[in-house]
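Observations on the model geometry
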Amino acid sequence: MTLPVQRHGTDPGRELAEPGFWQQPPAHRLAAFARLRAAEGPVFVPEGSGRGHWALVRHAQVQEASRLPKVFANAPGVTTPEPARWVRALFGDSMVNLDGPDHAQLRKIVQRAFTPRLLAAAEADIHAVAARIVDDVLAEQPDEFVSAVASRLPLEVICNMMGIPEHYRAEIADRVNHASENIGVERGLASRLRMPGRGLRALARMQRMVAGIGRERRKHPTDDLISALVCANVDGQALGARQLGAFFSLLMVAGVETTRNAITHGLSLLTDHPDQRDLLLSDFEKHADGAVDEMIRHSTPIIQFRRTVAAEHTMDGHVFRPGDKVVLYYASANRDETVFPDPDAFVITRSPNPHLGFGGGGPHFCLGAHLARVEMKALFRELLTRPVGLRAVGLPDLAGSNFDNRVRSLRFAFERP
């Protein structure tokens, strides 16, 4: 990897490498990204002795890298740190960590499984699940939003779509929490030594569970996504046990965690901006799509993804060389002043709104973007149009992750007439 000749304490990107940076309030981090966007080109972020990455913080930079997969490769991994070889060998490569023909073939199998019939059934189920969740909330009146509402919708929808038996679901929810709770979160040495094993054990148990269901569905297929994936015949291929497990893990984290965080941030944003909430309620069907996209832009559930440079490329005057590491900071790109006027404002009528909350385009654009939008719209319709409204109480308890804008908890209350 080619590094600049000199590094010193005034490096503009050094702040992103400091553990405490991600524990700072969101306004502090957004101000730092604004300073980086004002730099002439990509900024280097040191990560240790002889290591580091180039930060892509502008909207155009993130889009360009996303749409050049032969230059900016997802392999060997998009997370920080990259997955160890033995982890990849044990659990299989997730689709998000693949490139070229391997990624194209796997994505083709998955896309074929999402038939129009399956998607139509999933959309109908989303509305039913959203209504049931809000019925439960009104009856039980809990006070913590993430567990009572935001986590339930995407988990139940994905489990229904996949065909996961009811008796497995509580355990799956617990495994998902254990597998993802410390991604991107700075921890002490003792915790770092202890927690990876806990997360990997949770992942292994979840994958064994879904592999067992897959074996049963090969023998006795039903009308669900697992059956479609393991019985597929796309160029003579279907998903094997490890591929199914890796896809399910990706779906649980990408489909459950990101959507639950977007929903939670959405309630907080509507509470903090009552004028936008009133506008949404004045004509929900007219403004709901714009509100959902603005919630996603403003909160940006996935903060960043990593890429490895595979071929020499020049961007904004900087020459990237094979082996260089770059990080696509979606959280910064979604506040780019040249694309989004008054970017820190929450405006549900923002148009156009070319946010990168589902990626910057290219072959890795999020497969679940449509379903996530449908889920959020259905849930907020139920939450906001019932006789007893809801509002957030206090600030979200953020995990302080450098990977995703994760909310651990958010208190909420009922609005009384």
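Residues numbered from 1 in each chain as written. Predicted model: local features only at pLDDT ≥ 70, side-chain atom pairs only at ≥ 80, totals over all residues. Heavy atoms only, no water.

**Considerations on the overall build of the protein chain**
For the record, the criterion: Helix numbers and strand numbers start at the N terminus; a helix is a DSSP run of H or I with at least 4 residues, a strand a run of E with at least 2. What the globule rule says is 2.2 Å times the number of residues to the power 0.38, and the radius of gyration is computed from C-alpha atoms. Accessibility here uses a 1.4 Å probe with only protein chains present; expressed as a share of the type maximum, an area under 20% marks a residue as buried, one over 50% as exposed, and anything in between as partly exposed. Here, two residues are considered to be in contact whenever any of their heavy atoms come within 4.5 Å of each other. The Shrake-Rupley method, run with a 1.4 Å probe, gives the accessible areas here. Residue values count only the displayed protein chains as cover. The charged-residue count follows a simple rule in which Lys and Arg add positive charge and Asp and Glu add negative charge, with His and chain termini not counted at all. Positions of charges follow a simple convention, taking NZ of Lys, CZ of Arg, CG of Asp or CD of Glu.
Across its full length, the protein chain carries 16 helices and nine strands. Compactness check: the protein chain gives a C-alpha radius of gyration of 21 Å against a globular reference of 22 Å for 417 residues, within 12% of the reference. By its C-alpha atoms, the protein chain is 65 × 55 × 45 Å across when sized along the principal axes. Across the 417 residues of the protein chain, 54% fall into the buried class. Expressed as a percentage of contacts within the protein chain between residues at least 6 apart in sequence, the contacts between residues at least 24 apart total 71%. Only carbon and sulfur atoms are counted for the fraction: they give 54% of the accessible area of the protein chain, which is about 18,400 Å². When the 50 basic and 48 acidic side-chain charges of the protein chain are each reduced to a single mean position, those positions are 6 Å apart.

**Observations regarding unusual backbone geometry**
A cis geometry characterises the amide bond from Ala75 onward to Pro76, with omega recorded as 5°. Counting through the fold element by element, Pro76 comes out in the loop between strand E3 (72-73) and helix H4 (85-91). In this chain, Ser351 is followed by Pro352 through a cis amide linkage whose omega measures 0°. Inspection of the secondary structure puts Pro352 in the loop between helix H15 (330-333) and helix H16 (369-385). Despite not being glycine, Gln141 shows a phi value in the positive range, around 50°. Looking at where Gln141 falls in the secondary structure, it is placed in the loop between helix H6 (116-140) and helix H7 (145-150). Backbone geometry places Asp316, a non-glycine residue, at a positive phi of 50°. Within the secondary structure, Asp316 is located in the loop between strand E5 (313-315) and strand E6 (318-320). Among the residues examined, Asp316 registers a relative accessible area of 39% and is labelled partly exposed.

**With respect to the confidence of the model for the protein chain**
The following threshold applies: Values of pLDDT, the confidence the predictor places in each residue, fall between 0 and 100.
Mean pLDDT over the protein chain works out to 89, with 90% of the residues at or above the 70 mark. Of the regions scoring below 50 in pLDDT, residues 1-9 engages in 18 contacts with residues more than four places distant in sequence or in other chains. In this model, residues 187-196 is a region of pLDDT below 50 whose contacts with residues beyond four sequence positions or in other chains number eight contacts.

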